Structure formats: structure tokens, C-alpha cells
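Observations on the model geometry
Take a look at the letters that make up each chain.
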Amino acid sequence: MIEQYTIAATPKYNFPQQTMDLTLPQRFIELSLHSLKHVQNQTFQLNQQTIQQNTTNANNTSQEPLYAIINNTSLKPIPLTPRTEETTIAAVDTSSIKLGETSTGIITAIRGTCIWKKGRNYAYLRIGPFIFHITEENLKDVYRALQAAYFPEQGESQASPNIMQAPVRMANLLEKWLQQTLARTVSNGLILFDGSLTAGTPDTPTSQLKEILNNARAGGNTVLAFSKMTTLRFNGYLITDTLITQKPPCIIAVSNIKPKQPTVLLGEVYVAKLTRGNCTFRLDIDKEQPPEKRIEAVERLIGNDLVTQSYPETLRLAHILCTFTANEVIAMQHFIQQRYRLKIIERPDMHRLLFGPFGKGESHSEAL
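Starting afresh in each chain, residues are numbered from 1 along the sequence in its written order. Residues qualify for local features only when their pLDDT is at least 70, as the model is predicted, and side-chain atom pairs are given and counted only at 80 or more; totals for whole chains, interfaces and linings, by contrast, use all residues. To obtain the side-chain values, all non-hydrogen atoms of the structure were used and water was disregarded.

Moving on to the overall build of the protein chain. In this description a helix means any DSSP run of H or I spanning at least four residues, a strand means any run of E spanning at least two, and both kinds are numbered starting from the N terminus. Scanning the protein chain from N- to C-terminus turns up ten helices and 19 strands. When burial is assessed residue by residue, the protein chain has 52% of its 368 residues classed as buried. The contact definition used throughout considers only heavy atoms, calling two residues in contact when any of these lie within 4.5 Å. Once local pairs closer than 6 in sequence are excluded, the contacts in the protein chain between residues at least 24 apart make up 77%. Areas reported here follow the Shrake-Rupley algorithm with a probe of radius 1.4 Å; residue values treat only the protein chains shown as occluding. Here the protein chain has roughly 17100 Å² of accessible surface; of this, 53% comes from carbon and sulfur atoms. Partly exposed residues are those whose accessible area sits between 20% and 50% of the maximum for their type, while under 20% is buried and over 50% is exposed, using a 1.4 Å probe and protein chains only.

For the pair helix α4 (residues 166–185) and helix α5 (residues 206–218), the least separation of the axes is 7 Å and the interaxial angle reads 25°. Of the possible angle classes, the one that applies to α4 and α5 is roughly parallel. Regarding α4 and α5, the two cross each other, and that crossing is left-handed. In this structure, α4 contributes K176, Q179, Q180, A183 and R184 to the contact, and α5 contributes Q208, E211, I212, N215 and A216. Ten residues, namely Ala, Val, Leu, Ile, Met, Phe, Trp, Tyr, Cys and Pro, are considered nonpolar, four, namely Asp, Glu, Lys and Arg, are considered charged, and the remaining ones, Gly among them, are considered polar. Looking at the contact of α4 with α5, its residues break down into three nonpolar, four polar and three charged. For helices, the axis comes from a line fit to the C-alpha atoms of the stretch in contact; other axes are also lines fit to C-alpha atoms, and the angle between any two N-to-C directions lies between 0 and 180 degrees. In what follows, roughly perpendicular refers to angles from 65 to 115 degrees, roughly parallel to angles under 35, roughly antiparallel to angles over 145, and oblique to any angle outside these ranges. Helix crossings are classified by the rotation of the near helix relative to the far one: an anticlockwise turn of less than a right angle makes the crossing left-handed, while a clockwise turn makes it right-handed.

Here we take up unusual backbone geometry. Leave glycine aside and you will find that most residues have negative phi; peptide bonds, for their part, are mostly trans. The omega angle of the peptide bond from G128 to P129 is 10°, so this bond is cis rather than trans. Cis geometry is adopted by the peptide bond preceding P249, which originates at P248 and carries an omega value of -5°. Topologically, P249 is positioned in the loop between β12 (237–238) and β13 (250–254). Located in the positive-phi region is R341, a residue other than glycine, with phi close to 50°. Along the chain, R341 turns up in the loop between α8 (326–339) and β19 (343–345).

Only rings of Phe, Tyr and Trp enter the pairing, Trp through its six-membered ring, and a pair is recorded when the two centres are within 6.5 Å. The plane angle decides the type: under 30 degrees is stacked, over 60 is edge-to-face, the rest tilted. All told, the structure shown has three aromatic pairs when counted by the stated rule. Ring plane angle 75° and centroid distance 5.9 Å describe the contact between F226 and Y311, whose orientation is recorded as edge-to-face. Of this pair, F226 sits in strand β10 (residues 222–227) while Y311 sits in strand β18 (residues 311–312), and the two are 85 residues apart along the sequence. In this pair, the class of F226 matches that of Y311, namely buried. Each ring is checked for a lysine NZ or an arginine CZ that lies within 6 Å of its centre and within 35 degrees of its normal; such an atom marks a charge sitting over the ring. Over the ring of Y122 we find K117, and its NZ or CZ is 5.5 Å from the ring centre.

What follows is the structure in C-alpha cells.
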């Protein structure tokens, strides 16, 4: 299965792969194969929660809590008029999932997806899954090697994650590489991120996100980031509740947000309600863009993309295509069990053993 992983565009859409720096995905493949060589003949406890997986949205965990101090009188919705001039829309998302545990570590899979929409056609490039055997012994080397493959400027200043955080942090590296690639290859389009434009965290150094935004701007692109979940509040209320009764499509600008250092916001924050219904989202737009261009970008988005439940279809497809299905999880577990002669064992679930139906299952804090 792993040997089939190649970075190749579908002939129909002819992606501009000649301009892509493939150092990071090649390093992913090398480290994946190297880490699995040392898992031979070990015991293997399958992960029984096959639907448990994490789409990479590390910013959501680091951006909160944020509070905006504004007056109700300043909450004036900005009405939007769809602009239908043809605009390329691209989106990125990644995910990770734990396949099981060995006697020395965990086996995890990571995958990323880019989606393009031009005219009436959607196209995609899916990278992975990359399967890793992560142990306490190789964790630091694997993470630092991936980091150095594409973001050497981060150097040794960024602490390595612990073994349970590693899959999400590694998927986050892949996501940043995909975002950087889109920023350099798409021109005069809209680039959609899952999450926010918050920087200054271990997952998203400020210099790294600034470089991505600078490259996108140089190509005439505007970056928009949608947050599916937020606890950002103003005057004690969830920010996404402010537009429930407003007529769509519209947005509200949210200013006076004071993040705690070293966290910084590289985007202007809006609340977006793009279609009828109760769904609203926090929307971050590159703050280096002029205000009128930010509004124009949202109008081009709703004029070119299919938007349902206030969420763009391009970003929805990126999420769906990077997410692992149950069949894919079973196939990967079967592959590594056969290929590396793993002996499947069944450890008792201590939560269910001790507490029956009241057991909460595994949690990262307890696993630590």
C-alpha cells in the first residue's frame, strides 16, 4: 500500500506539479517506511474506536479564549452581493487517525487533501495516507526531520510534541506545506483554510503563517479561514450567535480582539452568515488586504462556489476527502498486520471492565 503513494496529478486537470517542492512528502514516505521497519513481529492492539480521528485544526485549540469588547450598536451587518466573475477557489485540510498500539508505541496514519474549483469543475489532489510507528525513542527524530524538511527556520526552538499529540502535530506540518504550495501555485483566486489565521503557537509560528500569506498575496490571492467551532465571545455571548436573525448573505466585522502574547491574529475577524438557517461561522480574512477587498473576496466566494449551511463546498470536500473511512482503517490495519507480521492481541478495556456502561473510554490525559 505504501509503495503506491506517489504525488501525481490527474491527467484531466494537469495540476502545476512542476512548481511544487516535494521535499516534505518525500520525507514523509521515507520516515514512514523507516519507522515501520522497527515494528516487525510486535504485538498489535487494534484501535477499537475506528471513527475517532482528528482533522487538523490545531489553531482552534490555541486561539481560545478570545474576547471582543464592542458595543451592540457597532454590530452592523455588511450585506453581500454575489460576484460571478470566474474565480479559482482552492481549499486544504488534513486528518490523522490512530490505527492501534504496539508494545512500544502507536501506529498512526496521516492524509491531506487539496481541492480546486474552477468554473463548474472540482478537482482534488490527495496525499497519503502516510503510516507511522511512533515510539518514545523515535518521536523526536521523526518530528524534527519532518519539520526540517520544509520549515528549517523553526529549528530547535519548537518543542517536540508528546507521543499522543504527535499525529496531530505531524498532520499540521503537512497542512502547512499544502497551504504554502497552494499560495505559490494559485493566482488571482481565493484560498480557504480550515481554522483561523491565529499564529504564535507551537503549531503555527508567526513567521510561517506570515510567509504563507505573503506568497498568497503576491499571487493576487486572498486567504479566508473558516472556523467550524469557536468559543470567541463578546459581552459574554458566543460571537457566532450575533447573526442568527439577520438576513443572509452578510458578515459582521469584529474588532478590538486582544489575544494574549505570544498569540497574534493575522486576519481580520468576521462573523459570516452566507445562507439561510442557523449556521454562522467565524471567518478570518488576511488583514493585510484592504477592507473593501476582503468584502469583495467573500462576494466572489458566494458567487462562484456552492454554499450550503453558510459553508463553502470546496472546503467541505477537502474535509470529506482527507477523512478516513472505516473501510480504509480496516484495510490499513490489515496491511500492516500482514506486512510486518504483527500479532493482534486484545487487551481488556479497563474502563468498561471496571465501570461497565459508565466507562468513558480512552482519553489522552489518561493515556499520558
